[in-house]
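Report on the structure
One-letter residues, chain by chain:
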Protein chains: 4
Amino acid sequence: MTAQIERDLAAPADTGLAARYQQVRSTTLDLCRTLGAEDQVIQSMPDVSPTKWHLAHTTWFFEEFILAAHSPGYQRFHRGYAYLFNSYYNGIGRMHPRAQRGLLSRPTVTEINAYRAYVDEHMTDLLGDSGCADALRSLILLGTHHEQQHQELLLMDIKHVFSINPLLPAYHEAAPRQPGEARPLAFIEGETGVVETGCTDAGFCFDNERPRHRSYLQPHALADRLVTNGEYLAFIQDGGYRQPELWLSDGWSTVQQLCWTRPLYWNETLDGEFTLAGLQPLDPAAPVCHVSYYEADAYARWANARLPTETEWERLALRHGCDPNDGNFQDDGHLHPQPASGAAPAQLLGDVWEWTSSAYSGYPGYRPPQGAIGEYNGKFMCNQMVLRGGACVTPRDHIRASYRNFFYPDARWPFTGIRLARDTT
Amino acid sequence: MTAQIERDLAAPADTGLAARYQQVRSTTLDLCRTLGAEDQVIQSMPDVSPTKWHLAHTTWFFEEFILAAHSPGYQRFHRGYAYLFNSYYNGIGRMHPRAQRGLLSRPTVTEINAYRAYVDEHMTDLLGDSGCADALRSLILLGTHHEQQHQELLLMDIKHVFSINPLLPAYHEAAPRQPGEARPLAFIEGETGVVETGCTDAGFCFDNERPRHRSYLQPHALADRLVTNGEYLAFIQDGGYRQPELWLSDGWSTVQQLCWTRPLYWNETLDGEFTLAGLQPLDPAAPVCHVSYYEADAYARWANARLPTETEWERLALRHGCDPNDGNFQDDGHLHPQPASGAAPAQLLGDVWEWTSSAYSGYPGYRPPQGAIGEYNGKFMCNQMVLRGGACVTPRDHIRASYRNFFYPDARWPFTGIRLARDTT
Amino acid sequence: MTAQIERDLAAPADTGLAARYQQVRSTTLDLCRTLGAEDQVIQSMPDVSPTKWHLAHTTWFFEEFILAAHSPGYQRFHRGYAYLFNSYYNGIGRMHPRAQRGLLSRPTVTEINAYRAYVDEHMTDLLGDSGCADALRSLILLGTHHEQQHQELLLMDIKHVFSINPLLPAYHEAAPRQPGEARPLAFIEGETGVVETGCTDAGFCFDNERPRHRSYLQPHALADRLVTNGEYLAFIQDGGYRQPELWLSDGWSTVQQLCWTRPLYWNETLDGEFTLAGLQPLDPAAPVCHVSYYEADAYARWANARLPTETEWERLALRHGCDPNDGNFQDDGHLHPQPASGAAPAQLLGDVWEWTSSAYSGYPGYRPPQGAIGEYNGKFMCNQMVLRGGACVTPRDHIRASYRNFFYPDARWPFTGIRLARDTT
Amino acid sequence: MTAQIERDLAAPADTGLAARYQQVRSTTLDLCRTLGAEDQVIQSMPDVSPTKWHLAHTTWFFEEFILAAHSPGYQRFHRGYAYLFNSYYNGIGRMHPRAQRGLLSRPTVTEINAYRAYVDEHMTDLLGDSGCADALRSLILLGTHHEQQHQELLLMDIKHVFSINPLLPAYHEAAPRQPGEARPLAFIEGETGVVETGCTDAGFCFDNERPRHRSYLQPHALADRLVTNGEYLAFIQDGGYRQPELWLSDGWSTVQQLCWTRPLYWNETLDGEFTLAGLQPLDPAAPVCHVSYYEADAYARWANARLPTETEWERLALRHGCDPNDGNFQDDGHLHPQPASGAAPAQLLGDVWEWTSSAYSGYPGYRPPQGAIGEYNGKFMCNQMVLRGGACVTPRDHIRASYRNFFYPDARWPFTGIRLARDTT
């Protein structure tokens, strides 16, 4: 355990950590309550992982980085699992190819649940041990945030799995929503000049949020809410998907090649969208969701606006309270974005991840932690775009203003949406 | 029901049909006894179908061609199933893409078993009805043979599914086999001149075995047993997979592209093979299995021989008793080819399907039945090769001397093997 | 030189051989008269080879199999050419990948013509040498037939090259054709019972036409002319390309995947076709050309007929005179199929290659010649269909009744057409 | 012509423009002097365009944006050329697919040269016209810079074309170079705090260099010369291509998939590289060239350094004279990078394009020009990385400190190299 990791991960690894561990682990299982064994096997595209793979991989993370590394005498549950459930840590060893995760019927769900119980038992012992060092506690805290990320992935993935089944199964039942009207869109003036962003060390954050550093902002303003389904529908009806001049070159190629004509889960008649509660009527007031960066960028151009930079977004979030309690998160059980309400003035946290115009790269002075754990975030700093704010499938206590999510610009299966920005003078 | 189908299918649709129906249907379920729900979902390659798809498709065959067509007032179990479980009958309507069968978690295994029970109940009523016409009984008999074909496919497919899992699960337990020595290979002189082959109308046969017709045979001889693992190993060790001059041009391209160096399920050290009982030591006396046509053809060239034509094979089978009781079939429970024994003089039936040098095409005068059922066999008469004799995963009462199986020349996941032939003068 | 090749190739290698060599070689160059250097470089799809590759490969054939092997002291023109211009003879050594033939600007056309002149000079010396053995003369004769095959390929290939250029260049000028009306279609009864086909040893033939052998024919009849554009248009207008029940399964997949709606070179309005003389009005009386086996088979099914077997075709050709002088060949300069006329009673030779329902395989007792030359025909005996009769781009003295051409069933760039057949009783 | 374009393009459109036009146009033809017609047809990969396509496309640019738009009564040379030679301007209309540029033998080189002469004649008239407005002169100036970009592309592309030919042809002859030793590497401290970068309006620049704007720089230093072949060889010999921990995730996938083990044009024995003068011995003192962003990034990580940002690079260039006369450019005729010399203190301009760690995006406040010309740069602002400094194939009067080139991170056929950077303090 290096000083570097200690510094990076040091955080509220106090008495609450054991409770947090239990809570996160049991929440993951709760999310599978409505799923049959068959549901947990499917990989509907290479980006998607089977539910049972998420259950096992998050467990392997604790086994590999905590128990096997720091718990003397620990016996691994199964010697084949490191190969099967390592995601992308080359520093650990070879791994089962990502695109083939859906070809494995064994271990079964039952066997994986036994694996979870086994690791939980050993983790509980370790967490109860007063000798558990701070650095190790930081690593365990990281493991819980890692599992929360996979809770969101699990929901994104099962939504995609169900969406391609002609029977259109529902993951859960949802209270009927009343279509309303969105409040008028306004712009909030941002700061100009030298600003600071990045992790403030007030709590947990990932390595990619560090170091806190300075940037220079030009005069600009950001929208005070997300773009709605109704607004996006107007873009479609204005021929947005048929006008190359609105699109980035790579975006237009993608539109042509994949025959995109609407957001991922909208139906052909543009009046319904597939949700985790099955096919539902499209609510014009709710934020548009499941659009790629290319679509967000084209929409913004059509609307005579642009997307915000991640610095602009973070500074606005800091000024506007940024209280996760105001947002629509996994804990609320909607699992679907909700119209902007009075509660959260700028709808910055929750609902949908917001595409920024910032390519994902390391902050000035960024260094990944040493060892395999350094592969967590750093090696993805190319070809992806930063998203901010968390979504309705993100756990509430997992988000913060400095949080940087990232996806390739053609990704549409995350819960992604659009906030507009503008240059001002 | 046309006269054409009646003529094609007319057969022992007597009192035994109901019993046969019950037996075939329950055997299919028996084959799934050792499988978990997860196992029944996987499609390990486009050629493979998930177990639960086989369970549903064979049921749909009865529902579509018998109950919905001939049972007035019959209510389909689920209106989405015709789309999901139609395999390739364009005459019926559109169908779920074959390569995506493994992306469906729903309907679950439990739901599909309810579907089977529902259709069985209606079929039992129909079979008990004295008014059930002969033509309809013929069609039901066809349905049972169709299901027996899928029993074999189910076993081929689950073998492939398990084989690509790094945990190498076993489908069943097998009694330990004692490696022995194969009896010396001898050649049996065949008939010369005008001969007759094809369905003799003594029992059920498929449309592609008709009409019985004449061909002209040149002087030739066929091997009196199958090529063994030991013999095939010598071919490999002699550099068989590295000498282009032994291969058909398309075969050599395939070897290069897919990096073939041994039969599908052999291990890298050439001393074990993956079986339905897991990884087992390679028995040099047992027939080589899971080779493509290209490999069979290259082996024959290496051995200064050739593959038999289907006419040569069928005539030999007719002369050599051709009693399925002598062969190693699904019913025997080995589910793996066995060394040639004294029992079956020429090892013609059972163990492995034998590649012939005959391209699969219609016999002179062949006409497929009218309607969608005509798509059963006829539309595949291009680019495939005929195989004869049945395999250790074929039900015993499903085979006969005139039976024509067919696969693309690069197929290796069926239980396929090699019999040599020679020109004589 | 083995006795086997001698026997296979022995033929009229008399004093006329030198003249034939000169004539074939100069005809090849004549065919390039209208082409610029740029035209001779293009490979419009993997199946197509650049003109200059044909010029070099046919020359290499003489250099490799005659001069280097049988002419002591011969110095190769360039040591890199064996790699560049070997087509598929693994027995000779490694070769430049086929699909990359169009990526080579060097050697230039001028350099390749110098190569041709160099080899011609040495070949002329050899042919003038009275000591030139019969076996060698047979091999030279084979080389001239090989070059004639490439003359046809050169024309097929340049037609494809020009067809995909939006400027639609013409290879030559053609006299305007007057659209006429086809004579009514009649059927000619074929022979029944045991018949003989294959090479009669009266002149040159390829190894795949041997040995002469017996087959058994059932009662049948063959059409007395080719299917016309007008007839094929009726098939299209009747929805032929939209009815899966008319197609082989692999054919239907191909139609769907490649979006076929008409023969390869027809325009979208179905009233013109691209020819070597550029875009021309479609003549309803002329034979349909550039259809795949799948289309030929589907058309026949639509017309309540079938395609002939190669044995049926050859026996009819033998009975109907089979004089190449009656047919429309390369020598006539049309380079496009012409309507059936009185001259050739059954339009059997010339115009278009006729798809048969026979898969290409070795005749009973077939053995390829030993050595690399054995790769000429034998290794392609899988997955291809036999075509008979020669086409308007075939040299007249290159064809005979026993000639077996072969292509994959989806090939459309050869000059391929349709003759119907029927079972009779 | 909008005020926007005027503002963007306004520049030294004085009396020198006609001379510049002539010079650029004739230089392009000079670059083709050593090429045969066959050489000018080849497209060796989708990224590469045939030489004759470059000759025609640059001409079309003047025809489309100047003559057809602003020269009343101008008759286009050929009505099919707008389709064939439009590269990517959707605003103009549909275009021939990029990947098929190498499938066109017509128009021939001769025809394209006639096209060039025709357009040159009309352009000369227009340039001589005293009424030619400033905005139009700016557009013509843009056209000359556009053609200079294609001069570089033409050289990059023909190098690739020749490199895949087993005969390894040379484009030109080069004086023999004496392998030397590189001077020791030192680091130059950069500026810290708020800085300005972007076009200074002192001369021509592209729209993507505007507007001039502020950024904030952290303490850092940049290497005082490029990374050499010798240094890169040490990286290879240390197993650089086999250690995933050195690579970005996308980079490692690319290495695995494309089997990269060395820079694009190095030979297998790592002692020679293919150049425009054919295969030459590798000079350890010369800058490494033809590496992708992934390789540049991995090398920097291995060297305990990083790549510079584009702002860091530009500020250093401004401080260090930045005189193109010091650099090795196309005009010098080497067409290959040269070892760092005393002449150019930091080797910032010429030799190779230097990968920066900056993703290519619009500067704050960036707006593309209106109309089709706005597609020139703006629509590519995603997924690509910025490169700075120009290369040995770039015309000397085409470069400046603010010039932003951009390529996808896996591109290796441009003349790309590596400069190291470091965080300080």
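A quick note: this is a predicted structure, and the numbers were derived from the prediction, not measured.

Looking only at helices and strands, chain A has ten helices and eleven strands in total. Rg of the C-alpha trace for chain A: 21 Å, near the compact-globule value of 22 Å for 425 residues, within the 12% margin. Counting only C-alpha atoms, chain A reaches 65 × 55 × 40 Å along its principal axes. Relative to its full complement of 425 residues, chain A shows a buried share of 61%. In chain A, the proportion of contacts linking residues at least 24 apart, taken out of those at least 6 apart, comes to 80%. If you sum the accessible surface of chain A, you get close to 15,600 Å²; carbon and sulfur atoms cover 50% of it.

Sheet topology places strand 1 (residues 187-189) of chain C next to strand 4 (residues 220-223) of chain C; three bridges connect them, and they run antiparallel. Paired with C:Ile188 across the bridge in strand 4 of chain C is C:Leu222.

All names here are of chain A. Looking at the secondary structure, you find Gly91 in the loop between helix 4 (81-85) and helix 5 (109-128). Gly91 gets classed as exposed once you look at its relative accessible area, which sits at 57%. A C-alpha to C-alpha distance of 22 Å links Gly91 and Gln384, two positions 293 residues apart in sequence. Excluding residues within four positions of it along the chain, Gly91 makes contact with Ala372 and Glu375.

With 26 residues of chain D in contact, the opposing surface of chain A contributes 27 residues. Interface area for chain D against chain A, summed over the two sides, is near 2,300 Å², with a carbon-plus-sulfur share of 53%. Linking chain D with chain A are zero salt bridges. Taken together, chain D and chain A are joined by twelve residue pairs in polar contact (both at pLDDT 80 or more).

Now for the confidence of the model for chain A. Should pLDDT be low for a region, the predicted coordinates there are not to be read in detail. All names here are of chain A. Chain-level pLDDT for chain A is 94 on average; 96% of the residues reach the 70-or-more range. Here residues 1-13 is modelled with pLDDT under 50, and outside its nearest four sequence neighbours on either side it reaches 29 contacts, counting other chains as well. Per the prediction output, this complex has pTM 0.95; the corresponding ipTM is 0.95.

Any aromatic ring pair is given by two values, namely how distant the centres are and how the planes are angled relative to each other. Considering all chains together, one arrives at 138 aromatic pairs over all chains under this definition. Taking 4.8 Å as the distance between ring centres and 75 degrees as the angle between the ring planes, the aromatic pair formed by B:Tyr88 and B:Phe380 counts as edge-to-face. Taken as a pair, B:Tyr88 in the loop between helix 4 (81-85) and helix 5 (109-128) and B:Phe380 in the loop between strand 7 (353-359) and strand 8 (385-388) lie far apart in primary sequence, 292 residues in all. B:Tyr88 sits in the partly exposed class, given a relative accessible area of 25%. Over the aromatic face of D:Tyr363 sits the side chain of D:Arg404, whose NZ or CZ is 4.0 Å from the ring centroid.

Residue and element names in this part refer to chain A. Running from amino to carboxyl end, helix 3 (residues 51-70) crosses helix 5 at an angle of 30 degrees, the nearest separation of the two axes being 10 Å. Judged by the inter-axis angle, helix 3 sits roughly parallel to helix 5. Crossing hand, helix 3 versus helix 5: left-handed. Along its contact with helix 3, which presents Lys52, Leu55, Ala56, Thr58, Thr59, Trp60, Phe62, Glu63, Ile66 and Leu67, the element helix 5 presents Val109, Ile112, Asn113, Tyr115, Arg116, Val119, His122, Met123 and Leu126. When the residues that make up the contact of helix 3 with helix 5 are grouped by side-chain class, the tally is twelve nonpolar, four polar and three charged.

Applying the stated criterion across every chain yields a total of 85 salt bridges over all chains. In this structure, B:Asp297 engages B:Arg301 in a salt bridge whose closest nitrogen and oxygen atoms are separated by 3.0 Å. Of this pair, B:Asp297 and B:Arg301 are both found in helix 9 (residues 293-302), four residues apart, which corresponds to roughly one turn of the helix. For B:Asp297, a relative accessible area of 11% puts it in the buried group. We classify B:Arg301 as partly exposed; its relative accessible area is 34%. Between C:Glu314 and C:Arg388 there is a salt bridge, with the nearest N and O atoms lying 2.9 Å from each other. Of the two residues, C:Glu314 is situated in helix 10 (residues 310-319) and C:Arg388 in strand 8 (residues 385-388); the sequence distance between them amounts to 74 residues. If you follow the salt bridges from partner to partner, you end up with A:Arg25, A:Arg116, A:Asp120 and A:Glu147 in one network.

Our next topic: the interface of chain B and chain A. The partner chain A presents 28 residues to the 28 residues of chain B that form the contact. Overall, the association of chain B and chain A removes approximately 2,200 Å² of surface from exposure, summing both partners, and the carbon and sulfur fraction of that is 65%. It is B:Glu38, B:Leu103 and B:Arg106 in chain B that bury the most area against chain A; as a group they hold 31% of the surface buried on that side. Counting across the interface, chain B meets chain A through two salt bridges.

A few words on the relation of the copies chain B and chain A. The two copies are related by a screw operation: chain B maps onto chain A through 180 degrees of rotation and 0.0 Å of translation along the axis, at an RMSD of 0.0 Å. In symmetry terms, the pair is related by a two-fold rotation axis. Every residue of chain B has its C-alpha some distance from the rotation axis, and the shortest such distance is that of B:Glu38, at 2.7 Å. Of all interface residues in chain B, 100% are interface residues in chain A too; the two copies therefore contact each other through one and the same surface.

Once that is clear, we can look at the sheet that holds strand 4 (residues 220-223) of chain B. Residues and elements named next belong to chain B. Pairing is antiparallel in the open sheet, where three strands are placed in the order 1-4-11. Either end of the sheet is taken by a strand with one partner, and the two such strands are strand 1 (187-189) and strand 11 (421-423). Geometrically, the sheet is characterised by an average inter-axis angle of 25 degrees between neighbouring strands, direction not taken into account. Here three bridges tie strand 4 to strand 11, and the two strands are oriented antiparallel to one another. Bridged to Ala221 within strand 11 is Arg422.

What follows covers unusual backbone geometry. The omega angle of the peptide bond from C:Arg106 to C:Pro107 is -5 degrees, so this bond is cis rather than trans. Among the structural elements, C:Pro107 can be located in the loop between helix 4 (81-85) and helix 5 (109-128). The residue after C:Arg210, namely C:Pro211, is reached through a cis peptide bond having omega -10 degrees. By the secondary structure assignment, C:Pro211 is in the loop between strand 2 (193-197) and strand 3 (213-217). For A:His290, which is not a glycine, the phi torsion comes out positive at approximately 65 degrees. For A:His290, the location among the structural elements is in the loop between strand 6 (278-281) and helix 9 (293-302). Using a relative accessible area of 1% as the deciding quantity, one classes A:His290 as buried. Of note, the phi angle at D:Cys259 is positive, near 55 degrees, even though the residue is not glycine. Looking at where D:Cys259 falls in the secondary structure, it is placed in the loop between helix 8 (249-258) and strand 5 (272-275). The class for D:Cys259 is exposed, based on a relative accessible area of 59%.

Criteria and thresholds
Residues numbered from 1 in each chain as written. Chains lettered and ligands numbered in written order. Predicted model: local features only at pLDDT ≥ 70, side-chain atom pairs only at ≥ 80, totals over all residues. Heavy atoms only, no water. Helix = DSSP H or I, 4+ residues; strand = E, 2+ residues; numbered from the N terminus. Rg over C-alpha atoms; globule rule 2.2 N^0.38 Å. Buried < 20%, exposed > 50% of the residue type's maximum accessible area, 1.4 Å probe, protein only. Contact = heavy atoms within 4.5 Å. Areas by Shrake-Rupley, 256 points an atom, 1.4 Å probe, with all protein chains shown as cover. Pairing = 2+ DSSP bridges. Buried area = accessible area lost by both parts, 1.4 Å probe. Salt bridge = Lys/Arg side-chain N within 4 Å of Asp/Glu carboxyl O. Polar contact = N/O pair within 3.5 Å; in protein donor to acceptor, adjacent residues only side chain to side chain. pLDDT = per-residue confidence, 0-100. Phe/Tyr/Trp six-rings, centres within 6.5 Å; stacked < 30°, edge-to-face > 60°. Lys NZ or Arg CZ within 6 Å of the ring centre and 35° of its normal. Axes fitted to C-alpha atoms, helices over the stretch in contact; angles between N-to-C directions. Parallel < 35°, antiparallel > 145°, perpendicular 65-115°, else oblique. Left-handed = near helix turned anticlockwise from the far one by under 90°. Nonpolar A, V, L, I, M, F, W, Y, C, P; charged D, E, K, R; others polar. Least-squares fit on C-alpha atoms with pLDDT ≥ 70 in both.

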